[in-house]
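Given next are the chains, with one letter for each unit.
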Amino acid sequence: MSLSTADTQPSAEQTINATSKANDAARLPGARTHYSDFFSDIVKRMKPSPIHSLLHLEHHIPKPISLLAGKPNPAMFPFAGSMSWTSRDPHNPEKIETLTMDEDLLKLGLNYSETPGLLQMRQFLEEMQEDEHGRLKEEEGWRVTVGPGSQDLISKAVTALLNPGDSMLVESPTYAGIMPMFRQLQPEFICIPSDAHGLLTDKLREVLKGWPSDKPRPKLIYTIPYGSNPSGFSATLERRTELLKLAYEHNFLILEDDPYYNLYYGSSPRYPSYFSLEKSLGLLDTAPDTPKDLLRVNTGGRVIRFDSFSKVLSAGLRLGFVTGPAPVLDAIDKQTSAASLEPSTLTQTIALTILRSWGREGYKAHTTNVAAFYRSKRDTCERLLAQYLGKDGLATWDTPEAGMFMWFKLHLHPGMDVESDTEDFIRRKAVEKGVLALPGSMFLPEGGKSAYVRLSFSVVPENVLEEAMRRLRALVIEARGEA
Ligand SMILES: Cc1ncc(COP(=O)(O)O)c(C=O)c1O
């Protein structure tokens, strides 16, 4: 780029041409064309924001004189100096320390930044992802985009990929909160059941094998690999490996929604993420055997990974990030720049202040504390569940090893072989007795009956949870006609 402040300024057109050439050089060959077959008509029609797509030029060295964006002057904001708050030391949570966002960072935080997120934040996150998942950003063609929570990014990713009528694979049961958004795109849901070990990959293989030859194949699968919402279950290494192999064999993308990754509290070591396994299994390097040479080596891969700070830093910060192939993230960014320009810069600088002050080691210590906290909550919940509903066979469950949910099957009819439906029981009877939980049917993408109940054990104190269990027990006994 020839935007030296010492030189005469080039014309805007020259600058834009120089930049797009620099971008093309940085982009790995063919990446965009490899993914373009996946994109929805909506996103193909969208153009990048004419102003925001140029803002990255401001980071060039030597620094150009930027007269680009209509950024308000921070001198006119009612904030002066720095911003401080108290925080717990992750190595010693009893110790309260003061964290300060310095004047320069605060100034950045108070203004517009860039659609994919503040550069400094992205750099921190990209390095973190490289370490955590054993991936190399530059060589492999992926990057990170920050968003106002992971759900926003998931909805934009799916919008970038699906046209009405396209087939989408979805693990069942699944996160009810995301379903209205998926439905709005009018895909055909192909539900793949799961059990305590994750998605049933044998079933998925059957579905894919029997796929009609004249029907467009599914473009993606949506899965929650750790502490799934609602079931609390985590996918085993074997199931993860199988799913990845199927994705490469049948050419679909994996949307790895992993907000509970850091809430893993199982006794054995944590399984690698899909994003990590894709590399360690050597799949990124496999010769292309898919039609049109799609998605071969060095295009970023088939996994789009969603992380969230909601469960570990604060849900109110509204910060999540997506890691994945650059062309797919560009398609997400196009939607953000058209809708909200960018995620909140101020909450990014708050998070960045915390993360820089802790370092990655401190962040690890913090997430270890978080996981231990939820493990103890899980233990209390399971003990009470066993005491009030388990002991007489009123409920059965598998123990979750991550997350904040207990997913249990209620036996509303004496005799284990009669399937119950918890819809009326939870929505009406439990509500009348002052207990709020969610019936399993709510988490079935295609609807239907479910004998399951999801309860969240994250915030209720033990004595309150015990009272809830006592009330549920009385209700189940009454429903079974055993009162
Ligand atoms: C599975 C799942 N995905 C996404 C989200 C949304 O996370 P965020 O707050 O980062 O948008 C949630 C929130 O509960 C969730 O359970």
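Residues numbered from 1 in each chain as written. Predicted model: local features only at pLDDT ≥ 70, side-chain atom pairs only at ≥ 80, totals over all residues. Heavy atoms only, no water.

A. Molecular detail of helix α13 (residues 345-390). Helix length check: α13, at 46 residues, gives a terminal C-alpha distance of 48 Å against a target of 68 Å (1.5 Å per residue), a shortfall beyond 12%. Taking the backbone nitrogen of Leu346 as reference, a side-chain oxygen 3.3 Å away marks Ser344 as the first, capping residue of α13. (Helix = DSSP H or I, 4+ residues; strand = E, 2+ residues; numbered from the N terminus. Expected span 1.5 Å × (residues − 1). Polar contact = N/O pair within 3.5 Å; in protein donor to acceptor, adjacent residues only side chain to side chain.)

B. Structural detail: unusual backbone geometry. A cis geometry characterises the amide bond from Ser172 onward to Pro173, with omega recorded as 0°. With respect to the helices, strands and loops of the structure, Pro173 is situated in the loop between β4 (167-172) and α8 (179-184). The omega angle of the peptide bond from Asn229 to Pro230 is 25°, so this bond is cis rather than trans. Relative to the helices and strands, Pro230 resides in the loop between β7 (220-223) and α10 (237-250). Backbone geometry places Arg318, a non-glycine residue, at a positive phi of 50°. Its place among the elements puts Arg318 in the loop between β9 (303-308) and β10 (320-325). Within the chain, Leu341 stands out as a residue other than glycine whose phi angle is a positive 70°. When you line up the elements, Leu341 lands in the loop between α12 (326-339) and α13. Given a relative accessible area of 29%, Leu341 falls into the partly exposed group. (Buried < 20%, exposed > 50% of the residue type's maximum accessible area, 1.4 Å probe, protein only.)

C. Inspection of the environment of Leu355 at higher detail. Position of Leu355 among the secondary structure elements: in helix α13. With a relative accessible area of 0%, Leu355 lands in the buried category. When neighbours within four sequence positions are excluded, Leu355 is seen to be in contact with Met121, Phe124, Phe309 and Tyr363. (Contact = heavy atoms within 4.5 Å.)

D. Quick look at the sheet that holds strand β13 (residues 438-439). In spatial order, the strands read β11-β12-β14-β13; together these four strands make up an open sheet with antiparallel pairing. What marks the edges here is a single partner per strand, and that holds for β11 (395-397) and β13. Alignment of β11 against strand β12 (residues 405-410), held across three bridges, turns out to be antiparallel. Bridged to Thr396 within β12 is Lys409. (Pairing = 2+ DSSP bridges.)

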